[in-house]
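# Chain and residue survey
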Amino acid sequence: MRQGDCPGKDIYTLFTEHVRAHPDREAVIDAQRSLDYAALDREVRRIAAALTDAGLGARDIIGIRMPNGWRMAVAELAVAAIGAVALPYPAGRGSRDTISLLGRSRASAGIFGAAPDADVASELPHTRAVFTFGAGEDGARSLDDVGPPNDWSPRPVDPEAPARILVTSGTSADPKMIAYSHNAVAGGRANYVRALHSGKGARPHPHVDGLVVRFVRDLRRHCHAGLDACAR
């Protein structure tokens, strides 16, 4: 922080600074929709309120297994907004990673893009809340059906508190997990993503899924499981 590499602010605070500065600027584009910063924040607040209503909050670990897209961005920012810890991991090994990662981390909740993953997570002993998002199902656990928040507001979050768990690739063994603080995510990883772009007004790089995220120059965007995205 003394060298200016870490912002000394939590992820959601940094994000809302961009919302206020550029509410009409495109933030997320995928095959389904385009969201500017103001619209993205409305979605984040909607999901954050639902997570809070479920009793989730500071330092709760929330597993996230969803396809790349705007919902993934919303889910991670909503988890950060309530002071919880995001544990995103990719699909591809059936229920094995859900059982291993959420079980070993003692995750309090999970957000899933597929109903079978949610069914598996609901059987884990420490998981007390399970949601689907974009899974095409109705009901109490679907975040697609959640209405706008009434009086939700973010609580202060320590920038040195854990924000995200990075999952390493596990081939023959269970994947390893490494915790990142808000400062570490918004500082070191954001600096790496900013280095992908050169020059004022440079366009983001496309990637294989066709998803382009123009996302918080001073925040960060990860280039790992979840959003294989580029930031601007």
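Reading guide: rules and limits
Residues numbered from 1 in each chain as written. Predicted model: local features only at pLDDT ≥ 70, side-chain atom pairs only at ≥ 80, totals over all residues. Heavy atoms only, no water. pLDDT = per-residue confidence, 0-100. Contact = heavy atoms within 4.5 Å. Axes fitted to C-alpha atoms, helices over the stretch in contact; angles between N-to-C directions. Helix = DSSP H or I, 4+ residues; strand = E, 2+ residues; numbered from the N terminus. Nonpolar A, V, L, I, M, F, W, Y, C, P; charged D, E, K, R; others polar. Phe/Tyr/Trp six-rings, centres within 6.5 Å; stacked < 30°, edge-to-face > 60°. Buried < 20%, exposed > 50% of the residue type's maximum accessible area, 1.4 Å probe, protein only. Lys NZ or Arg CZ within 6 Å of the ring centre and 35° of its normal. Salt bridge = Lys/Arg side-chain N within 4 Å of Asp/Glu carboxyl O.

Here the chain shows a mean pLDDT of 82. Residues at 70 or above account for 76%. Segment residues 202-232 is flagged for pLDDT under 50; beyond a separation of four residues in sequence, or across chains, it makes 111 contacts in the model.

Closest axis-to-axis distance for the helix α1 (residues 11-21)/helix α3 (residues 70-81) pair is 8 Å, and the angle between their directions is 115°. When α1 is examined against α3, the residues I11, Y12 and F15 are found in contact with a partner set consisting of L77, A80 and A81. In terms of residue class, the contact of α1 with α3 is made up of six nonpolar, no polar and no charged.

All right, on to the packing of aromatic side chains then. Any aromatic ring pair is given by two values, namely how distant the centres are and how the planes are angled relative to each other. Evaluated as defined, the whole model comprises four aromatic pairs. Seen from their ring centres, F15 and Y37 are 6.2 Å apart, and the 45° between their planes marks the pair as tilted. Of this pair, F15 sits in helix α1 while Y37 sits in helix α2 (residues 37-53), placing them 22 residues apart in sequence. There is no split in this pair, since F15 and Y37 are both buried. With 5.8 Å between their ring centres and 80° between their planes, W70 and F133 make a pair best called edge-to-face. Remark: F133 occurs in the loop between β6 (129-132) and β7 (162-167) and W70 occurs in helix α3; sequence separation between them is 63 residues. By relative accessible area, F133 is classed as buried at 1%. The side chain of R33 reaches across the aromatic face of W70, ending 4.5 Å from its centre. R71 extends its terminal NZ or CZ atom over the ring of F133, reaching a point 5.6 Å from the ring centre.

Moving on to the pattern of salt bridges. On inspection of all chains with the given rule, the structure shows nine salt bridges. For the salt bridge of E17 with K9, the shortest nitrogen-to-oxygen distance reads 2.6 Å. Exposure remark for E17: the relative accessible area of 28% places this residue in the partly exposed category. A salt bridge links R46 to E43; the nearest nitrogen and oxygen atoms lie 2.8 Å apart. One end of the pair, R46, and the other, E43, are both in helix α2, three residues apart, so they sit about a helical turn from each other. Among the residues examined, E43 registers a relative accessible area of 13% and is labelled buried. Several salt bridges share partner residues, and in doing so they unite R33, E43 and R46 into one network.

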